[in-house]
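Now for the letters of each chain:
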Amino acid sequence: MSKFQDLSTLIQQIGQAEESDQVATLNESIEAGLEPGAVALILEAFPIEDRVRLWRALPLELHIDVLTEMRADVRFSIINALSEVELKLTLAKLDNLSLIEWADSLPESIINEALALIEKDELELYDQANEYEDDELGRWAERKIITLPFNITVGTAKQLMERYSYDTPQQVYLINRNKQFRGAVNYYEILRSDSGVRLKTLEIE
């Protein structure tokens, strides 16, 4: 049975269970090793009220990872259903770069605040090979380089780069919120792309 068939079966099991048993079924699968990306796919399959209820019942440490794995419109459906207190508690778990990755799902005022708070050194990495695992960018960086979150738009990338008046780089390196390398983009490709395009779609093959 494929991974997608497994997920389809689990979605069916959760959907057919009594409401009180749905959370237990999902959390049992999480304890058995179900990853945040798979949890996100499962929640996306449910109507908004059930989706929000199941997300709220997830282990707290998974709230952010599951939201990050979701499509922007689905993430927004959950965020939009949260109370002001819940939203603040959720956003408090994010660093500024992660907030910007969620730009399509958050009010512009929150994104602008995150942009204003980003320090230049959050977009730079130095070679400190002994402090990084093999799949982390710093492991093989030989000099100061520019990094950006892989899931932000070209428009947001331009804002960040203009703010710090970087010398023209040949490439910009893309990272996830754990600062692990996700790919690279040609700088001039960013300049000539539409503002709404996501950096990850411009990755060098």
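Residues numbered from 1 in each chain as written. Predicted model: local features only at pLDDT ≥ 70, side-chain atom pairs only at ≥ 80, totals over all residues. Heavy atoms only, no water.

1. Notes on the overall build of the chain
- Counting its regular elements, the chain contains 11 helices and four strands.
- Of all intrachain contacts in the chain linking residues separated by at least 6 positions in sequence, the fraction that spans at least 24 positions is 56%.
- Split by element, the accessible area of the chain, about 11600 Å² in all, is 46% carbon and sulfur. (Helix = DSSP H or I, 4+ residues; strand = E, 2+ residues; numbered from the N terminus. Contact = heavy atoms within 4.5 Å. Areas by Shrake-Rupley, 256 points an atom, 1.4 Å probe, with all protein chains shown as cover.)

2. Some words on the packing of aromatic side chains
- With the rule as written, the count across this model stands at one aromatic pair.
- Aromatic side chains tyrosine 187 and tyrosine 188 sit 5.5 Å apart centroid to centroid with 70° between the ring planes, which places their arrangement in the edge-to-face category.
- Owing to a relative accessible area of 55%, tyrosine 188 belongs among the exposed residues under this scheme. (Phe/Tyr/Trp six-rings, centres within 6.5 Å; stacked < 30°, edge-to-face > 60°. Buried < 20%, exposed > 50% of the residue type's maximum accessible area, 1.4 Å probe, protein only.)

3. Section: the pattern of salt bridges
- Counted according to the given criterion, the structure contains seven salt bridges.
- Here glutamate 84 and lysine 88 are joined by a salt bridge, their closest N and O atoms 3.5 Å apart. Of this pair, glutamate 84 and lysine 88 are both found in helix H7 (residues 84-91), four residues apart, which corresponds to roughly one turn of the helix. Judged on exposure class, the residue glutamate 84 and its partner lysine 88 are both exposed.
- Between glutamate 189 and arginine 192 there is a salt bridge, and its shortest N-O distance comes to 2.7 Å. Here the residue glutamate 189 and the residue arginine 192 both occupy positions in helix H11 (residues 187-192), the gap between them amounting to three residues, near one helical turn.
- Glutamate 189 sits in the partly exposed class, given a relative accessible area of 24%.
- Via salt bridges that share partners, Glu19, Asp50 and Arg53 belong to a single interconnected network. (Salt bridge = Lys/Arg side-chain N within 4 Å of Asp/Glu carboxyl O.)

4. Here we look at the packing of helix H4 (residues 48-56) against helix H6 (residues 72-79)
- In the contact formed by H4 and H6, the axes pass within 9 Å of each other and the chain directions differ by 75°. Considering the angle they form, H4 stands roughly perpendicular to H6. Residue-level contacts link Ile48, Arg51, Val52 and Trp55 of H4 to Val74, Ser77 and Ile78 of H6.
- The residue inventory of the contact of H4 with H6, partitioned by class, reads five nonpolar, one polar and one charged. (Axes fitted to C-alpha atoms, helices over the stretch in contact; angles between N-to-C directions. Parallel < 35°, antiparallel > 145°, perpendicular 65-115°, else oblique. Nonpolar A, V, L, I, M, F, W, Y, C, P; charged D, E, K, R; others polar.)

5. With respect to the nonpolar core
- Among the nonpolar cores identified, the biggest contains 32 residues, and Leu26, Leu34, Leu43 and Val66 are the most heavily contacted of them.
- Broken down by element, the residue count for this core peaks at five residues, all from helix H3 (residues 36-44).
- The residues touching leucine 34, leaving out its near neighbours within four places in the chain, are Leu7, Leu10, Leu26, Ser29, Val39 and Ile42.
- Listed in part, the 15 residues of the second largest apolar core include Ile146, Phe150, Leu174 and Leu199. (Core = buried A, V, L, I, M, F, W, Y, C linked by side-chain atoms within 4.5 Å.)

6. Let's talk about the confidence of the model for the chain
- Considering every residue of the chain, the mean pLDDT works out to 78; 75% of them sit at 70 or more.
- For residues 125-132, every residue scores under 50 in pLDDT, and the model assigns this stretch 22 contacts once sequence neighbours within four places are set aside.
- Taken as a whole, residues 137-143 scores under 50 in pLDDT and shows 24 contacts with residues more than four places along the chain or in a different chain. (pLDDT = per-residue confidence, 0-100.)

7. Focus: the environment of arginine 71
- Structurally, arginine 71 is set in the loop between helix H5 (63-69) and H6.
- Taking the relative accessible area as the measure of exposure, arginine 71 reaches 46% and is therefore partly exposed.
- Measuring from C-alpha to C-alpha, the distance between arginine 71 and tryptophan 102 comes to 9.9 Å, with 31 residues separating the pair along the chain.
- For arginine 71, the side chain forms a polar contact with the side chain of glutamate 44, separated by 3.1 Å.
- In terms of polar contacts, arginine 71 uses its side chain to reach the side chain of aspartate 73, at 3.2 Å. (Polar contact = N/O pair within 3.5 Å; in protein donor to acceptor, adjacent residues only side chain to side chain.)

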